[in-house]
Amino acid sequence: MAFEGLADRLQGTIQKIRGKGKISEADVKEMMREVRLALLEADVNFKVVKQFVKKVSERAVGQEVMKSLTPGQQVIKVVKEELTELMGGEQSQIAVSKRPPTIIMMVGLQGAGKTTTTGKLANLLRKKHNRKPLLVAADIYRPAAIKQLETVGKQLDLPVFSLGDQVSPVEIAKQAIEKAKEEHHDYVLIDTAGRLHIDENLMGELKDIKELSNPDEIFLVVDAMTGQDAVNVAESFNEALGISGVVLTKLDGDTRGGAALSIRSVTEKPIKFVGMGEKMDALEAFHPERMASRILGMGDVLSLIEKAQANVDEEKAKELEQKMRTMSFTFDDFLEQLGQVKQMGPLDELLKMMPGANKMKGLDKLQVDDKQIVHVEAIIQSMSKKEKTNPEVINASRRKRIAKGSGTSIQEVNRLLKQFEDMKKMMKQMSGMQGKGKKKGMKF
Ligand code: GDP
């Protein structure tokens, strides 16, 4: 799971300070020592770590924390804000050209996921924004690259412009743009050639395509699993070509997080999207604040709600959002969620988005053991209406009855009640912390 080590360590650290009514400089120092180690272990660039620790330390011993009534909470807020800032602050947007088509050059090293991402991005543009993209096969060197893009196009039912591998990429780009104008495509996505390593020929060719096509965006696709290498690649591409944003792929794998946390700071270019799987719909807009929330165990209710909206009845999703905000989330909602969750994609991904999910050890096991879901469902179904709405009435004898009725054990009932309680607590904490992003332009 991405960021797991970092999340565990940071959460362990902030846990120690969370409830403190008074914080000394020594407390801050001790905490920052741990934060520093956690970031370094996650393969975050050491300069970035140094700066981050300095910033957080300064703020943590400053007025806003020390004079606050809840310094423990306040420090965590500072860490979250700075983590968000480190990853780019606000969610960045994608260009919309005043004179269509908007041209996007996709660049990157071989194997990073460039061709796949080109398809995913076209799919997202069409699905979410009703755009009409044209895919352009401009990688004439890698055998099968053109074929691969054509296959992607077929799969998505999107047109692919190709002139085979005997025409220069610059010429391909030129003709593709002409065709896009003629046929009123509003986006042109150029899948350029990759290499195993950065070399002058590659950069020369990319610069030529850039000069000719005058792109609105140049997205560099890098593999999150390669950690600091991805950061170095981003730095080189940015220096040589000037990129406008990064797409970080394979964030569904168990990357430590170093690339995600360092790229923005090192290159000053934002991460725009993240790849979350091999399928064509596994591309998500990158939200720094939500990612920071997830890393700090505050959950990512907004993404969860968006997923629900995409997959589940919209009315119900709104209702759920409201319930989470007003803390009137009951076992009935929980049960309904379980049913819907099954339709919403990989369970472990979703669980990570729930506030406090990392602490719900038992719930965590759901991802591997379907039987547990059945048990949880049975336990909730054995509760009375009153018990579902007001779980605090569930005393020892009720627990016994519920365990019997559901064919489970008292321990299992206890565990679920505890998890539910923890989850509500985390929701409460989080709702006080979630900031509000400003909205502008075309977002995903
Ligand atoms: P390219 O050489 O940069 O064009 O790379 P490809 O698009 O051919 O992708 C290389 C491999 O990475 C393929 O097997 C893709 O399915 C896989 N891939 C791309 N993006 C992701 C992602 O976000 N998650 C996962 N798990 N695999 C990915």
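Reading the values: the criteria
- Residues numbered from 1 in each chain as written.
- Predicted model: local features only at pLDDT ≥ 70, side-chain atom pairs only at ≥ 80, totals over all residues.
- Helix = DSSP H or I, 4+ residues; strand = E, 2+ residues; numbered from the N terminus.
- Buried ≥ 20, exposed ≤ 12 C-beta atoms within 10 Å, placed from the backbone.
- Contact = placed C-beta atoms within 7 Å.
- Expected span 1.5 Å × (residues − 1).
- Core = buried A, V, L, I, M, F, W, Y, C linked by C-beta atoms within 7 Å.
- Near = placed C-beta within 6 Å.
- Nonpolar A, V, L, I, M, F, W, Y, C, P; charged D, E, K, R; others polar.
- Pairing = 2+ DSSP bridges.
- Axes fitted to C-alpha atoms, helices over the stretch in contact; angles between N-to-C directions.
- UniProt positions renumbered as here; feature names shortened; annotations may be inferred.
- Arc of directions from axis to C-beta.
- Right-handed = clockwise from strand over helix to strand, strands pointing away.
- pLDDT = per-residue confidence, 0-100.
- Parallel < 35°, antiparallel > 145°, perpendicular 65-115°, else oblique.
- Left-handed = near helix turned anticlockwise from the far one by under 90°.

K.L.:
Talk me through the overall build of the chain; I want residue IDs and the actual numbers.
P.N.:
Each helix and strand in the chain was counted, giving 21 helices and 8 strands. Put simply, the chain has 444 residues, and 43% of those count as buried. A fraction of 74% describes how many contacts in the chain between residues 6 or more apart in sequence connect residues 24 or more apart.

K.L.:
How would you explain helix α6 (residues 114–129) if you had to name every residue and give the values?
P.N.:
The end-to-end C-alpha distance of α6 is 21 Å, a good match for the 22 Å that 16 residues give at a rise of 1.5 Å each. Counted residue by residue, α6 has 12 buried out of 16 residues, so it is predominantly covered. Taken as a whole, α6 has its buried residues at Lys-114, Thr-115, Thr-116, Thr-117, Thr-118, Gly-119, Lys-120, Leu-121, Ala-122, Asn-123, Leu-124 and Leu-125. Asn-130, located one to two residues past α6, shows a positive phi value of around 60°.

K.L.:
Requested: an account of the nonpolar core, with residues and values cited.
P.N.:
Among the nonpolar cores identified, the biggest contains 94 residues, and Val-136, Val-188, Leu-189, Ile-190, Val-222 and Leu-248 are the most heavily contacted of them. Setting aside its immediate chain neighbours within four residues, Ile-190 contacts Ile-104, Met-105, Met-106, Val-136, Ala-138, Ala-173, Ile-209 and Ser-213. Residues Phe-331, Ile-379, Ile-402 and Leu-416 belong to the second largest nonpolar core, which totals 8 residues.

K.L.:
Give a description of the site of the ligand that names residues and reports values.
P.N.:
In the vicinity of the ligand lie 18 residues, with Gly-113, Lys-114, Thr-115, Thr-116 and Gly-275 positioned nearest. Top contributing element to the shell around the ligand by residue count: α6, with 3 residues. For the shell around the ligand, the residue count by class is 3 nonpolar, 11 polar and 4 charged.

K.L.:
Could you give an account of the sheet that holds strand β3 (residues 160–161), with specific residues and numbers?
P.N.:
Across the sheet, 8 strands lie side by side as β3-β2-β4-β1-β5-β6-β7-β8; this open sheet has mixed pairing. Both edges of this open sheet fall to β3 and β8 (283–285), since each of them pairs with a single strand only. As defined by bridge partners, strand β2 (residues 133–137) adjoins β3 across 2 bridges and the pair is classed as parallel. Looking at β3, one finds that Leu-135 is bridged to Val-160. Across the sheet, α6 is in contact with β1 (102–108), β2, β4 (187–191), β5 (217–223), β6 (245–249), β7 (271–275) and β8; its angle to β4 comes to roughly 170°.

K.L.:
Just give me the short version of the UniProt feature "domain: SRP54-type proteins GTP-binding" (unreviewed entry) in the chain, but keep the residues and values in it.
P.N.:
Mapped onto the present numbering, the UniProt feature "domain: SRP54-type proteins GTP-binding" (unreviewed entry) falls on residues 270–283. A helix fraction of 0% and a strand fraction of 43% characterise residues 270–283, whose end C-alpha atoms lie 16 Å from each other.

K.L.:
Account for unusual backbone geometry, with residues named and values stated.
P.N.:
Keep in mind that most residues, glycine aside, have a negative phi and that most peptide bonds are trans. Following Pro-100, the chain continues into Pro-101 via a peptide bond in cis, with omega recorded as 5°. By the secondary structure assignment, Pro-101 is in the loop between α5 (71–86) and β1. Here the phi dihedral of Lys-250 falls at roughly 60°; this positive angle occurs in a residue that is not glycine. Take Lys-250: it is sitting in the loop between β6 and α11 (258–267). Using a count of 22 C-beta atoms within 10 Å as the deciding quantity, one classes Lys-250 as buried. A positive phi angle, close to 60°, is found at Glu-268, a residue other than glycine.

K.L.:
An account of helix α3 (residues 46–60) is requested, with residue identities and associated values reported.
P.N.:
Given a rise of 1.5 Å per residue, 15 residues ought to cover 21 Å, and the 21 Å separating the end C-alpha atoms of α3 matches this to within 8%. Of all the positions in α3, only Val-48, Val-49, Phe-52, Val-56 and Ala-60 are classed as buried. The buried residues of α3 occupy an angular sector of 95° when projected down its axis, which confines them to one face. Across α3 from its buried face, at more than 90 degrees, point the exposed residues Lys-47, Lys-54 and Glu-58. Buried positions along α3 lie against α2 (25–41), α4 (63–66), α5 and α11.

K.L.:
Lay out the pairing of β5 in plain terms, naming residues and giving numbers.
P.N.:
Where a strand is regular, its side chains alternate between the two sheet faces. Most of β5 is tucked away, with 6 of its 7 residues classed as buried. Examined bridge by bridge, β1 and β5 share 5 bridges and lie parallel to one another. Within β5, the position partnered with Val-107 by the bridge is Leu-220. One ladder, built from 5 bridges, connects β5 with β6; its direction is parallel. What sits directly across from Val-222, in β6, is Leu-248. One crossover worth recording links β5 to the parallel β6 by way of helix α10 (residues 228–241), and it is right-handed.

K.L.:
Now, about the confidence of the model for the chain: what can you tell me, with residues and values included?
P.N.:
Segments scoring low in pLDDT should not have their predicted coordinates read at a detailed level. Averaged over every residue, the pLDDT of the chain is 86; the share at 70 or more is 85%. Considering only residues more than four positions removed or in separate chains, one finds that residues 434–441, a stretch of pLDDT under 50, has 6 contacts. This prediction of the complex comes with two scores: 0.73 for pTM and 0.99 for ipTM.

K.L.:
Tell me what's going on with the packing of helix α8 (residues 169–182) against helix α9 (residues 200–213), and back it up with residues and numbers.
P.N.:
Their axes nearest at 9 Å, the elements α8 and α9 cross at an angle of 25°. Taken together, α8 and α9 sit at an angle that is classed as roughly parallel. In this structure, α8 meets α9 at a crossing whose hand is right-handed. When α8 is examined against α9, the residues Pro-169, Val-170, Ala-173, Lys-174 and Ile-177 are found in contact with a partner set consisting of Glu-205, Asp-208, Ile-209, Leu-212 and Ser-213. Of the residues that constitute the contact of α8 with α9, the class distribution is 6 nonpolar, 1 polar and 3 charged.

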